[in-house]
Amino acid sequence: MAVRGGLVHNRAPHGYADLLIETPYAALRSSFEDDLFKLTMAGYRILLAHPERNRTFQQRSGRLAELVRRRTLVQVTTASLVPSSRRHRSARLGRALMKQGLVHVLASDAHGPGARMGVALRPAIEAAREAAGDRAGWMLSHAPAAVLTGETLPPPAPLPPRRHPLRAVPGR
């Protein structure tokens, strides 16, 4: 793994290079998806960090779904899964993305050892298990390990069945 020009590169044994990209906080340009796709076609496996925090994705999550369809990996920040007055939209989108199977990696936003490492980690893991069932373990362990070693991601655990919003009325 190497850092060049502010970008983290990890040349994988499969011939591609991993590239971690921080999602901009500002509105996304209309060319954002095409720009990432060009990087993919140039041999990079993209890991898009913090997309749940971006207003554009919060308003149009289909744009993110299309990126995943184009082989972009998605990393959601654990703290974003725990609603607070500051993170309500991020939590809503993060959970929705997990329920749809669009999240590959769950990670803290700690950029090194320190106090931020454990912020909201336990409640976030519980929220992930509630939203994605056994797949939460894959997002917390198996998929990140594959990214770090440059390997192909192992198959994810299946998503839990969706609960129907209308429950059967007793006695009918």
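To be clear, the structure that these remarks concern was listed above.
Participant: What's the story with the nonpolar core in this structure? I'm lost.
Facilitator: As a rule of thumb, nonpolar side chains are buried together in soluble globular proteins. One finds Leu-48, Phe-57, Leu-81, Met-98, Leu-106 and Met-139 to be the most contacted residues of the largest nonpolar core, which totals 36 residues. For Leu-106, the contacting residues outside a window of four places in its chain are Val-76, Thr-78, Leu-81, Met-98, Ala-128, Met-139 and Leu-140.

Participant: Would you explain the packing of aromatic side chains in this entry?
Facilitator: The geometry of an aromatic ring pair comes down to the distance between the two centres and the angle between the two planes. Here the structure, examined in full by the defined rule, presents 1 aromatic pair. Here Phe-32 and Phe-57 contribute two aromatic rings whose centre-to-centre distance is 6.2 Å and whose plane-to-plane angle is 65°, an arrangement assigned as edge-to-face. One end of the pair, Phe-32, is in helix 1 (residues 32–41); the other, Phe-57, is in helix 2 (residues 55–59), and 25 residues separate them in sequence. For Phe-32, a relative accessible area of 10% gives the class buried. Owing to a relative accessible area of 0%, Phe-57 belongs among the buried residues under this scheme. In this structure, Arg-70 is placed above the aromatic ring of Phe-37, and the distance from its NZ or CZ to the ring centre is 4.6 Å. When the ring centre of Trp-138 is taken as origin, the NZ or CZ atom of Arg-135, which lies over that ring, is 5.9 Å away.

Participant: Before we go on, may I ask you to explain unusual backbone geometry in this structure?
Facilitator: Most peptide bonds adopt trans geometry, and most residues besides glycine take a negative phi value. In this model, His-50 sits at a positive phi of 60°, which is unusual for a non-glycine residue. Relative to the assigned elements, His-50 resides in the loop between strand 4 (44–49) and helix 2. Judged by relative accessible area, His-50 falls into the buried class, the value being 3%. One non-glycine residue, Arg-71, adopts positive backbone phi at about 80°. On the secondary structure map, Arg-71 appears in the loop between helix 3 (62–69) and strand 5 (73–77).

Participant: Any chance you could explain the pattern of salt bridges here in plain terms?
Facilitator: Side chains bearing opposite charge may pair, as long as their charged atoms lie close to each other. This structure, assessed with the given rule, holds 6 salt bridges. Ionic pairing is found between Arg-70 and Asp-34, a salt bridge with its closest N-O pair at 3.5 Å. Taken together, the positions of Arg-70 in the loop between helix 3 and strand 5 and Asp-34 in helix 1 put the pair 36 residues apart, joining distant regions of the chain. According to the relative accessible area criterion, Asp-34 is partly exposed, its value standing at 40%.

Rules used in this analysis
- Residues numbered from 1 in each chain as written.
- Predicted model: local features only at pLDDT ≥ 70, side-chain atom pairs only at ≥ 80, totals over all residues.
- Heavy atoms only, no water.
- Core = buried A, V, L, I, M, F, W, Y, C linked by side-chain atoms within 4.5 Å.
- Buried < 20%, exposed > 50% of the residue type's maximum accessible area, 1.4 Å probe, protein only.
- Contact = heavy atoms within 4.5 Å.
- Phe/Tyr/Trp six-rings, centres within 6.5 Å; stacked < 30°, edge-to-face > 60°.
- Helix = DSSP H or I, 4+ residues; strand = E, 2+ residues; numbered from the N terminus.
- Lys NZ or Arg CZ within 6 Å of the ring centre and 35° of its normal.
- Salt bridge = Lys/Arg side-chain N within 4 Å of Asp/Glu carboxyl O.

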